[in-house]
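Residue strings, one per chain:
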Amino acid sequence: MCRTVVSVVTTRSRRVDYTESTRQALVDSALHLFTKRGYAATSLDAIVKSARVTKGALYHHFSGKQALFEAAFDQVETKAIAKLANVVDGDGSAWDRAMAGIHAYVGVCLEPAYQRIVIHEAPVVMGWERWREAEEHFSYGLVRATVESLIASGEIEQLPVEVTARILFGALSAGAETIASAPDPKKAASDVTKTITAVMAGMRRATLPS
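Summary of the structure given here. Everything numeric here is computed off the predicted structure, so don't read it as measured data.

1. Topic: the overall build of the protein
For step 1, the next point in the chain: From N to C terminus, the protein includes nine helices and zero strands.
For step 2, the next point in the chain: When the elements of the protein are put in sequence order from the N terminus, they spell out α-α-α-α-α-α-α-α-α.
For step 3, the next point in the chain: When the 210 residues of the protein are sorted by exposure, 43% land in the buried category.
For step 4, the next point in the chain: Summarising the internal contacts of the protein: among those between residues at least 6 apart in sequence, 70% fall at separations of at least 24.

2. Observations regarding the pattern of salt bridges
Once the charged atoms of two side chains with opposite charge are near each other, the side chains can pair.
For step 1, the next point in the chain: The final tally for this structure, using the stated rule, is eleven salt bridges.
For step 2, the next point in the chain: We note a salt bridge from Arg 144 to Glu 162, for which the minimum N-O separation is 2.9 Å. A residue pair is termed long-range when its members are at least 10 positions apart, and Arg 144 in helix H7 (residues 128-152) and Glu 162 in helix H8 (residues 161-181) qualify at 18 residues.
For step 3, the next point in the chain: We classify Arg 144 as partly exposed; its relative accessible area is 26%.
For step 4, the next point in the chain: Using a relative accessible area of 33% as the deciding quantity, one classes Glu 162 as partly exposed.
For step 5, the next point in the chain: Its salt-bridge partner being Asp 191, residue Lys 187 comes within 3.1 Å of it at the nearest N-O pair.

3. What to know about empty space enclosed by the protein
For step 1, the next point in the chain: Across all of its chains, the model carries two cavities of 30 Å³ or more by this definition.
For step 2, the next point in the chain: Contributing to the lining of the largest cavity are 22 residues, with Gly 101, Tyr 105, Val 143, Thr 146 and Leu 172 lying nearest its centre.
For step 3, the next point in the chain: Of all elements in the fold, only helix H4 (65-88), helix H5 (94-109), H7, H8 and helix H9 (185-203) reach the threshold of two or more residues within the lining of the largest cavity.
For step 4, the next point in the chain: Examining the composition of the lining of the largest cavity, we find that six residues originate from one element, H7, more than from any other.

4. Some thoughts on the packing of H4 against H7
For step 1, the next point in the chain: Running from N to C, H4 and H7 cross one another at 10°; their axes reach a closest spacing of 11 Å. As the angle between them shows, H4 and H7 are arranged roughly parallel. For the pair H4 and H7, contact is made by Gln 66, Glu 70, Phe 73, Asp 74, Glu 77, Thr 78, Ile 81, Leu 84, Ala 85 and Val 88 and by Arg 130, Trp 131, Ala 134, Glu 135, Phe 138, Ser 139, Leu 142 and Thr 146, respectively.
For step 2, the next point in the chain: Grouping the constituent residues of the contact of H4 with H7 by class yields nine nonpolar, four polar and five charged.

5. A word on helix H2 (residues 44-51)
For step 1, the next point in the chain: Turning to H2, its buried residues are Leu 44, Ala 46, Ile 47, Val 48 and Ala 51.
For step 2, the next point in the chain: Positive phi appears at Arg 52, one or two residues downstream of H2, with a value of about 60°.

6. As for the packing of aromatic side chains
For step 1, the next point in the chain: Across all of its chains, the model carries six aromatic pairs by this definition.
For step 2, the next point in the chain: Relative to Phe 69, the ring of Tyr 39 has its centre 5.5 Å away and its plane inclined at 85°; by these criteria the two rings are edge-to-face. Linking Tyr 39 in the loop between helix H1 (2-37) and H2 with Phe 69 in helix H4, this pair joins segments that are 30 residues apart in sequence.
For step 3, the next point in the chain: Given the relative accessible area of 0%, Phe 69 is considered buried.
For step 4, the next point in the chain: Aromatic ring contacts, followed pair by pair, group Phe 34, Tyr 39 and Phe 69 into a single cluster.
For step 5, the next point in the chain: When the ring centre of Tyr 39 is taken as origin, the NZ or CZ atom of Lys 65, which lies over that ring, is 4.4 Å away.
For step 6, the next point in the chain: Over the face of the ring belonging to Trp 131 we find Arg 132, whose NZ or CZ atom lies 5.5 Å from the ring centre.

Cut-off values and rules
Residues numbered from 1 in each chain as written. Predicted model: local features only at pLDDT ≥ 70, side-chain atom pairs only at ≥ 80, totals over all residues. Heavy atoms only, no water. Helix = DSSP H or I, 4+ residues; strand = E, 2+ residues; numbered from the N terminus. Buried < 20%, exposed > 50% of the residue type's maximum accessible area, 1.4 Å probe, protein only. Contact = heavy atoms within 4.5 Å. Salt bridge = Lys/Arg side-chain N within 4 Å of Asp/Glu carboxyl O. 1 Å grid on protein atoms, 1.4 Å probe; cavity = no way out; pocket = protein on both sides within 12 Å on 5 of 7 lines; lining within 4 Å. Points joined across faces, edges and corners; volume = space filled by probe spheres on them. Axes fitted to C-alpha atoms, helices over the stretch in contact; angles between N-to-C directions. Parallel < 35°, antiparallel > 145°, perpendicular 65-115°, else oblique. Nonpolar A, V, L, I, M, F, W, Y, C, P; charged D, E, K, R; others polar. Phe/Tyr/Trp six-rings, centres within 6.5 Å; stacked < 30°, edge-to-face > 60°. Lys NZ or Arg CZ within 6 Å of the ring centre and 35° of its normal.

Here it is in structure tokens:
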């Protein structure tokens, strides 16, 4: 009896592992192809061929091309936010961590997958409103937490948290679009970093509270 139970559990575990690996292969292939060719120029046939799975396997996990795109979008955003959270939650003063966060964010905006999928393609594929909701879901909380930390530590003036976070979130989003659309993304990234840093410096207290 025990051997039978172990065998069933092992079989189920292998099936789950296979199912998860198949889904991940589809998302990875879609991410690569959407980044390289764009959403419109990427077919489901190309994705399943790259992932080395059948179309039946694709439809087992996803309802279609848009659902697969959204999974790729989620993966790119999740990776980006994890990277940024690691920076802003790191060592140093609240101000130093915020500045490091800005530099890290601009670095993310230079990544081809982030530019193509999150900035260029997502507003069209997902619709602007849904894209903004997704962006807020992934990014806004980190911006708000950073503002709260800056105010609590006395690094910036006692400004309304929600309003300040919304303005900075908008500035960062606009900066990302500027970088992704620029003929020279690296120069645009430098300009965006300089400008947002100057805006932040304008909110900084002349002297920190003792």
